[in-house]
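So you can see what is in the structure, the chains are spelled out below.
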Amino acid sequence: MEKMADELKTETENLNPEQSMSSTGLEDDLGKLLGQETLLPKLGSIDLERELDAKSELIDDKEFNIPQVDTPPTLESILNETDDEEETFVLEDPSLLNIDNIDTHSYDTSSVASSDSGDRAHMKRKKRLPDSFSLHGSVIRLSLLKGISAQIVSAADKVDAGLPTAIAASNLIAVGTSHGLALIFGKDQNQALRLCLGSTAVGAQYGAISALSINNDCSRLLCGFAKGQITMWDLASGKLLRSITDAHPPGTAILHVKFTDDPTLAICNDSGGSVFELSFKRVMGVRTCESRCLFSGSKGEVCCIEPLHAKTELRDHPITQYSLLAMASLTKILVIGLKPSLKVWMTFPYGRMDPSSVPLLAWHFVAVQNSVNPMLAFCRGDVVHFLLVKRDDSGAIHVTKQKQLHLHYDLINFTWMNSRTVVLLDSVEKLHVIDRQTQEELETIEISEVQLVYNSSHFKSLATGGNVSQALALVGEKACYQSISSCGSQIFYLGTKSVHVMTLRSWRERVDHLLKQECLTEALALAWSFYEGKAKAVVGLSGDVGKRKAVIADRMVEILLHYTDRTLKKCPDQGKIQVMEQHFQDMVPVIVEYCLLLQRTDLLFSQVYDKMSENSVAKGVFLECLEPYILSGKLIGMTAQVMKDLLLHFQDRNLLENMEACIVHMDITSLDIQQVVLLCWENHLYDAMIYVYNSGMNDFLSPMERLFKVIAPPLSAGKSLTDEQVVMGNKLLVYISCCLAGRAYPLGDIPEDLVPLVKNQVFEFLIRLHSAEASTDEEVYPYVHTLLHFDTREFLNVLALTFEDFKNDKQAVEYQQRIVDILLKVMVENSDFTPSQVGCLFTFLARQLAKPNNTLFVNRTLFDQVLEFLCSPDDDSRHSERQQVLLELLQAGGIVQFEENRLIQMAEKAEFYQICEFMYEREHRYDRIIDCYLRDPVRKEDVFNYIHNILSIPGYSAEEKHSVWQKALEHMEELLLLSPSKAADLITTHFNDQLEGIINNLQDQFLLFQFLRSLLDPREGINQDLIHVSPCITEQFIELLCHYSPDQVLEMLQVLEFYRLEETIQITQKHQLHEASSYLLEKKGDVHGAFLVMLEQLQSKLLVLTQEDENSTQSNSIKDIEATLLKTIALCQRNSHNLNQQQREALWFPLLEAMMSPQKLSGSSASCRYSEHLKNLTMQVLNNMAAFIALPSILQRILQDPVYGKGKLGEIQGLVLGMLDTFNYEQ
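What counts, and where the lines are drawn
Residues numbered from 1 in each chain as written. Predicted model: local features only at pLDDT ≥ 70, side-chain atom pairs only at ≥ 80, totals over all residues. Heavy atoms only, no water. UniProt positions renumbered as here; feature names shortened; annotations may be inferred. Phe/Tyr/Trp six-rings, centres within 6.5 Å; stacked < 30°, edge-to-face > 60°. Helix = DSSP H or I, 4+ residues; strand = E, 2+ residues; numbered from the N terminus. Buried < 20%, exposed > 50% of the residue type's maximum accessible area, 1.4 Å probe, protein only. Axes fitted to C-alpha atoms, helices over the stretch in contact; angles between N-to-C directions. Parallel < 35°, antiparallel > 145°, perpendicular 65-115°, else oblique. Left-handed = near helix turned anticlockwise from the far one by under 90°. Contact = heavy atoms within 4.5 Å. Nonpolar A, V, L, I, M, F, W, Y, C, P; charged D, E, K, R; others polar. Pairing = 2+ DSSP bridges.

The protein chain is annotated in an unreviewed UniProt entry as Vacuolar protein sorting-associated protein 8 homolog from Alligator sinensis. Check the Sequence similarities (unreviewed entry) section of the UniProt entry for the protein chain; it says "Belongs to the VPS8 family."

So, in structure tokens, the structure goes:
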């Protein structure tokens, strides 16, 4: 019974046109606006469109309060309900009514309560849900009207009514048939047949009913016929009031007949494409009808007409007085006014499109930019245009284009459900529900089972001989204008044997529908989107925002509790623990998330948690998924039991870091504080421990004492701390810093009223003379002592920050002086502090003393003692550390505490060159700083940058620059020894005119060589254009190069520029560098001289080869010969182009002779060993010669040779044949 009642309720809601409809912000707005007649100022169409788009977004996102009574009606009543005030179509019991509910997603349906008991097969059958379904749920419901459908079929059988052809819906439903009958059904429980109008005899004369229209008050019905006649009936009495046969040209079918809002005025459109206005009059009891042609089919055929209908509430809208009519021909759209006189307000041509697409028109009132106006949707094909129609103050009508809707399918029907939601039918009979503003598709369903009736025969006018244009007949293939009729929030579809009704589901039904599919997560997400006001196509929510949210929240709570039960029930009983964990991890976070979104922690920690606690795995997952909400601060105010369980759970699972992170975000006042402290201490959760003491007991000192007890003993014993103790020490410092700054540890702020108290407590604690349970040998001020030992610099930073915060009252000044005295006492009287630690203290003091409003006093002799201590020459260890400490002390303002000359003497004695530099810098004695750099082994290399900066950067006086320049010149040899390349760079930039003097003064020849190489070798990176040296310096460098690095001479000669050839040749010859000499001779132009040098080299190497004895293994010598030969060949090749024949022969033939001569001494064992190599090399010479010397000359020269001339042709046969091969190949 429960299940049946549940379904029954949803059916009733669904099919009741009077239900409270969509209440999106936009529509509430409309209700509010109806009282006022706010119309737009006249704007350009582009500006208007921009403004409309911007405004429509704004309006859409607001929520408006709707007054309860005696107020203008809400948009539910204006835009989304039926046009009548009479009895409405209330479906109370679907079983009585014979409605088949065609569920858009064909699953079993069951109530939430019984959904668990569904059979397992059902689970398996579940398909993957489309995205829009999981997001929006099922938005529409399509139902078969069983009663009406059965009677249509029965009428066809029993009274020969024929097949259904047209439908019109209002308070009644009228169905026209192919044999001329109009069947009128009630929209009551039984869908009873109220009237059967007409007769088959008339049908035989007039043909099928091709169009129907019911007027506003549901008192009259107009029937248009396939052969062109029109009849009017009284729906109360069933009487025929008029038979109109002469309203339009004979021989054309009626495609549309439509009442306007004026009951005496109707419009008809025939298959000739003409449109006529029918004006009904009653003169002296005689009913007449006058017809006027509005549009002639000869100018273009109209196939769709739509008068603007305004609901009762909008009858006073200023635009209704024009009686607007939209018409769509095959080429354009027209909007005309029928009153007060006929006027065309707009024509709008289509773009290019498919000629078989059906033109569609639909009006609806929408709220845009503070006013309610009609919007016309028109489309043909796959683009829907929206036109906003407005009247301005002068009475003119303006039409502005709105955002288009681009689709990927061809439309055959367009229906407005409400101002935001439209339902489209495409040519493959799929319904698409679209949200107009976001253009999002909310749902798609197939309606092929409806077996929709098409009006093709009337468009082709078959009843009158088919006398229509081809274009109209083509459009008629898909025309179904008369088979779909909307009324309020319902659309009726006429099938060949049935009538179906489509309605938007109410929000509750949409949620329940998802629950029936076992889509719990999606159901909750959808309900939440209703709650947030972000859902689309909302039906069934009325009242103000608070009221709506309360209704939705109640439903969500029911679902959450059900979800919790189901999660526990569906848990896999046996199997791995991981499987169970995964099951709960999928389900539990969803429940927690929505309980927190709804701010129902009461529900979460009572009913939900109690249920989860029944299963240990579920309980664990539940507790763990609270963590992110605790950390982000979204979950405050957990019950003590849950907090306790959470901590125990983390402890059991050893999730200690997670536990600590949670504790410091929780309000732990309701827990057993001592127990939590113990838990934290045992698990080393110091942050949590401090937090518990602070927020649980307002105790800021106990955690400090506990941490001091751990780190003080090893520090005072001089031991190094463990990693754990270092962590504790660091936390202690940060904690003290937070307390003194008024911040809570580890996050947040201390309550304002406690701040001064906490600061004082912590100060008093730190400067205690002895700790609470002190041993007799404890040093004085143990806490200060411990912190100074632990991390002097950080502790002093904490104090420095605290001093910043101090107000200059008497107590604060005393505190500061007291702390400073204690610091000095602890540090100066103890010998176990390092220089760096002592330095840190005095740097801290110097900074404090240097402040403009300083009130501290420190004895100057202490600073002198520190200076002695840091500069003490008896201790060489930590030299750089001591220097660094002293430098920091001086930079922090400590310089004023010292006598400067004494400071410089001490620094020089201690070799603190950075200190000296600091002092000289203050006195502008920059030349002395060069000495500091040169004597400082660490920073020697930096001297070059220093000199360069002083000499080139503005800001120094001419005298200062000159003194530095002079000093650098004096130390030039030292600088060169330090880095020849950097010195060379410096000299070219700043000492160019002193260059020769510097070179002459250098005694060390190797140093001179290094310097000249850095200076003159362009590869070293110095710009040669800056250097102006005489050639003799370059030659001096070459001489040194020959001495120190002879194998680099040739390479260097190729890159150097400024040297004299004659002098350089003498140098290379003196050092017997033959290749270098040859290069220079060639450069000079003495090719033959260069060749002779190389030839001599080659011959001497060949001679060595032939004189080798049997045992020597100098295989290197043959490689050496080959290298020299190749260089000689290259020399000959380079120059042969510019020589005459005789000069060429003077090069090549001696070279050939030189290579052949060792082969003649065939007796030599060495030449025998290498004869093969030598032949190959000779062959190379011959091949290269052939390019410059004619072949016959070469052969002649070889054969004239005395050795070869004596008939030993076998020796040279190979050479000659090889040459011929090469010659033939090249030919």
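Q: Would you mind going over the packing of aromatic side chains in detail, with residue names and values included?
A: Enumeration over the complete set of coordinates arrives at 14 aromatic pairs. Ring centres of Phe 459 and Tyr 481 lie 5.8 Å apart, and the angle between their planes is 25°; on these two criteria the pair is classed as stacked. One end of the pair, Phe 459, is in helix H10 (residues 456–459); the other, Tyr 481, is in the loop between helix H11 (470–476) and strand S28 (484–487), and 22 residues separate them in sequence. Taking relative accessible area as the criterion, Phe 459 reaches 1% and is therefore assigned buried. Assessed through its relative accessible area of 14%, Tyr 481 is described here as buried. For the ring pair Trp 507 and Phe 530, a centre distance of 6.0 Å and an interplane angle of 70° mean the geometry is edge-to-face. On the criterion of sequence distance, the pair formed by Trp 507 in helix H12 (residues 507–516) and Phe 530 in helix H13 (residues 520–532) is long-range, its members being 23 residues apart. Taking relative accessible area as the criterion, Trp 507 reaches 4% and is therefore assigned buried. Look at Phe 530 and you get buried, because its relative accessible area is 5%. Each residue in the set Phe 386, Phe 414 and Trp 416 is aromatic and connected to the rest through ring pairs, giving one cluster.

Q: Can you lay out the packing of helix H40 (residues 1031–1044) against helix H42 (residues 1061–1070) for me, pointing to particular residues and giving the numbers?
A: Viewed as axis vectors pointing N to C, H40 and H42 meet at an angle of 10°, and their least axial separation amounts to 10 Å. The orientation of H40 relative to H42 falls into the category roughly parallel. Considering only the axes of H40 and H42, their crossing is right-handed. Residues Glu 1035, Ile 1038, Glu 1039 and Cys 1042 of H40 pack against Glu 1063, Thr 1064, Ile 1067 and Lys 1070 of H42. Across the contact of H40 with H42, the residue classes break down as three nonpolar, one polar and four charged.

Q: Which residues make up the sheet that holds strand S5 (residues 182–186), and what values go with them?
A: Pairing within the open sheet is antiparallel, and its four strands lie in the order S3-S4-S5-S6. Unpaired on one side and paired on the other, strand S3 (164–169) and strand S6 (193–197) mark the two borders of the sheet. Direction aside, neighbouring strands of the sheet carry axes that sit 20° apart on average. Of the pairings in the sheet, the one linking S3 to strand S4 (residues 172–177) comprises five bridges and is antiparallel in character. Counted as the bridge partner of Pro 164 is Thr 177 from S4. Its contacts with the sheet put helix H8 (residues 146–158) on S3, S4, S5 and S6, and the angle it makes with S5 is roughly 155°.

Q: Could you give an account of the sheet that holds strand S14 (residues 286–295), with specific residues and numbers?
A: Spatially, the four strands line up as an open sheet ordered S11-S12-S13-S14, and their pairing is antiparallel. Edge strands, defined here as strands with exactly one partner in the open sheet, are strand S11 (254–259) and S14. Here the strands of the sheet are splayed against their neighbours by 25° on average, with no regard to which way each runs. When strand S13 (residues 275–283) meets S14, the two strands line up antiparallel, connected through nine bridges. Opposite Leu 278, over in S14, you have Ser 291 as the bridge partner.

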